[in-house]
Amino acid sequence: MESNYNNSDKKIGVFTSGGDAPGMNAAVRAVVRSALHKDWKITGINRGYQGLIKGNFNELTSQSVSNIIQRGGTILKSARSEEFRTEEGRAKAAENLKEEGLDALVAIGGDGTFQGASMLNEEHGIHVVGIPGTIDNDLVGSDETIGYDTALNTAMDNIDKIRDTADAHDRLFLVEVMGRDAGFIALETGIASGAELILLPESLQEIPEIKRSLNEVLKDHLRSSLVVVAEGDETGGAMKLADKIKDDFADYDMRVCILGHTQRGGRPTARDRVLASRLGSAAVNALEDGHTNVMVGVVNNKIKISPIKMAWSKKKQINYELLELSQILR
Ligand code: F6P
């Protein structure tokens, strides 16, 4: 976890990779300005690992990151690179990094990004520090990831709108939110929007049990009801669920809404901008202190440095107390 990467005249690279998340720009800005503050040089790598392989590098200045803290997406672009999954691809990326004279890399992304960074470190000795940026919030080592709070608020706003129309027609709505392998978004938006039922990959519910719970909720009177379903739920998502239960709930005018990529875009919330700013600066400090192959996170409101491997090899637990609470409050 520690390296001898502690000399003065440094040049580091920064890139964003995998699914973009609101607040990534704020993190890039913080990395760039923190590095410049230490009189280091900083290079932006465009389009994640694909850009590393293609040598898509640009020197960044303080000006390059002006006026981006409020913007969603990522000015450095993102990509999912198939080529980087091959040994040849990673060797090419490492060669480009050395040629460019980069001493270390700051990788902003999720579990796939960090697996790639670990491989670059282990196979080619590249110094890496990860910053957790994913709306899914599924990385061990940080209480929250950049983009999660914005995605929650976007999903909640949209579900509030759905509730209005659902209520007008006394309809049953199945709303699917993102979360391929994790139910963090579904759980917290479900609570925040007063969903009658929340379905997550972490709390396996068979179809008969789901039908029982829904009947329970609907039995007293006809009114609007919302089920929030994580895309990675066992049922296969909202469309498949609708198919499986439609005959039993034929009396309800059921509708499905998939919020999809709306949750990935938009202006980051203040909370995400502050988190990204703290983590961007922490990543640069971690490099200065000689850390490598680590991820910076915030745990109990304090910066925490943990092995990058922990972030992708361990499963972050949802808060089961919140799930119980949602059942009491529905
Ligand atoms: O990992 C973040 C995420 O938004 C997941 O929740 C979702 O399943 C996936 O990315 C979608 O990826 P893509 O943009 O490649 O369709």
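This text follows the structure it describes.
Our subject in this report is the structure included herewith.

What counts and what doesn't
Residues numbered from 1 in each chain as written. Predicted model: local features only at pLDDT ≥ 70, side-chain atom pairs only at ≥ 80, totals over all residues. Heavy atoms only, no water. Near = heavy atom within 4 Å. Polar contact = N/O pair within 3.5 Å; in protein donor to acceptor, adjacent residues only side chain to side chain. Areas by Shrake-Rupley, 256 points an atom, 1.4 Å probe, with all protein chains shown as cover. Nonpolar A, V, L, I, M, F, W, Y, C, P; charged D, E, K, R; others polar. Helix = DSSP H or I, 4+ residues; strand = E, 2+ residues; numbered from the N terminus. Expected span 1.5 Å × (residues − 1). Buried < 20%, exposed > 50% of the residue type's maximum accessible area, 1.4 Å probe, protein only. Contact = heavy atoms within 4.5 Å. Pairing = 2+ DSSP bridges. Axes fitted to C-alpha atoms, helices over the stretch in contact; angles between N-to-C directions.

## Some points on the site of the ligand
Okay, step 1: Taken together, Arg 80, Ile 135, Asp 136, Met 178, Gly 179, Arg 180, Glu 231, His 261 and Arg 264 make up the full set of residues adjacent to the ligand.
Okay, step 2: Between the ligand and the protein, one listed contact pairs an oxygen atom with a side-chain N or O atom of Asp 136 at 2.7 Å.
Okay, step 3: In this structure, Gly 179 approaches the ligand through a main-chain N or O atom, which is 3.2 Å from an oxygen atom.
Okay, step 4: A total of 400 Å² of accessible area belongs to the ligand in isolation, and the protein chains cover 77% of it.
Okay, step 5: Taken together, the residues that form the shell around the ligand break down as 2 nonpolar, 2 polar and 5 charged.

## A few points about helix H5 (residues 148-169)
Okay, step 1: Across its 22 residues, H5 extends 31 Å between first and last C-alpha, which sits within 8% of the 32 Å expected from 1.5 Å per residue.
Okay, step 2: When H5 is considered as a whole, its buried residues turn out to be Tyr 148, Asp 149, Thr 150, Ala 151, Leu 152, Thr 154, Ala 155, Ile 159, Ile 162, Arg 163 and Ala 166.
Okay, step 3: Where H5 is buried, its residues meet strand S6 (172-177), helix H6 (184-192), strand S8 (225-230), strand S9 (255-258) and helix H9 (270-288).

## Observations regarding the sheet that holds strand S10 (residues 294-299)
Within a beta sheet, neighbouring strands are joined by backbone hydrogen bonds and run either parallel or antiparallel to one another.
Okay, step 1: What the 7 strands build is an open sheet, ordered S3-S2-S1-S4-S5-S10-S11; its pairing is mixed. At either end of the open sheet lies a strand with only one pairing partner, and these are strand S3 (57-59) and strand S11 (302-307). Mean inter-strand twist for the sheet, computed between neighbouring axes without regard to direction, equals 25°.
Okay, step 2: Inspection of the sheet shows strand S2 (residues 41-45) paired to S3 by 3 bridges, in the antiparallel sense. Residue pairing across strands places Gly 44 opposite Asn 58, the latter belonging to S3.

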